Amino acid sequence: MRLMAPKGVGILMAAALALTAGCATTGGSAGAGDAPPAADAAPRKVSDRDLKAAIEKLWDSADDLDSRVRVEVRDGRALLTGRAANADERLLAVRLAWQVDGVAEVINEIGIGDESSLSDKATDAWITAQLRTRLMTDAEISSRNYTIETVNQTIYLMGRGRSSVELERVRNHARNIARVRQVVSHVQVPY
């Protein structure tokens, strides 16, 4: 059975869609010479990738700090890991991360002094790969919700767990990997 619209409705719908599309691209009926949005307008959401890049750029300009410390950003929360040469460098890394507009939280897990050898870094990469594989193959875990960073055999978890039960499964997987010293969770879980 074919439904027929009254004559002229199709033209009206097309005109309404065109008008709506025009408003969406120009921000309403404002012209190019109109004033910018009000200061109390909602802030533009900055992507986690852009926040990470901005932090790394600031670190790079600060005596190549980005070669010693790392950042992972999830939901505007910046997890700082790695090894700073001294306490002042650690403080500088945190201060620069906070300078990036859009960063909602800075989690400082930067150690002081370089204890990592090349084999330690290889072990860290192996641990991360092991945990990522375990999370991806566990049907009760949404692995894409978790960011994993391993430094000196300490696993740092960040992201959003679906439940405390799921987070505990993730922690158990992490604890049961050979050579893991510690598991530190910065995962947010709904209550």
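Preceding this paragraph is the structure being described.
Summary of the structure given here.

Reading guide: rules and limits
Residues numbered from 1 in each chain as written. Predicted model: local features only at pLDDT ≥ 70, side-chain atom pairs only at ≥ 80, totals over all residues. Heavy atoms only, no water. Pairing = 2+ DSSP bridges. Helix = DSSP H or I, 4+ residues; strand = E, 2+ residues; numbered from the N terminus. Right-handed = clockwise from strand over helix to strand, strands pointing away. Expected span 1.5 Å × (residues − 1). Buried < 20%, exposed > 50% of the residue type's maximum accessible area, 1.4 Å probe, protein only. Arc of directions from axis to C-beta. Contact = heavy atoms within 4.5 Å.

Here we take up the pairing of strand β7 (residues 182-188). If a strand is regular, its side chains alternate between the two faces of the sheet. Bridging between strand β6 (residues 154-160) and β7 involves seven bridges; their strand directions are parallel. For Thr 154, the partnering residue across the bridge sits in β7 and is Gln 182. This β-α-β element, β6 to helix α5 (residues 164-175) to β7, shows right-handed connectivity.

With that settled, the discussion passes to helix α2 (residues 48-61). When the terminal C-alpha atoms of α2 are compared, their 20 Å separation across 14 residues agrees well with the 20 Å that a helix rising 1.5 Å per residue should span. Of the residues making up α2, those classed as buried are Asp 48, Leu 51, Ile 55 and Trp 59. Summarising the axial view, the buried residues of α2 lie within an arc of 70 degrees, below the 170-degree limit, and thus occupy one face. Away from its buried face, by an angle of more than 90 degrees, α2 presents the exposed residues Arg 49, Lys 57 and Ser 61. On the buried face of α2, the contacting elements are β1 (69-74), β2 (77-84) and α3 (87-98). Following α2 by one or two positions, Asp 63 has its phi on the positive side, about 60 degrees.

Structurally, Leu 96 can be placed in helix α3. Classification of Leu 96 as buried rests on a relative accessible area of 8%. Sequence separation between Leu 96 and Lys 57 is 39 residues; the distance between their C-alpha atoms is 9.8 Å. Ignoring anything within four residues of it in the chain, the contact list for Leu 96 reads Leu 58, Trp 59 and Ala 62.

Structural measurements only, silent on function.
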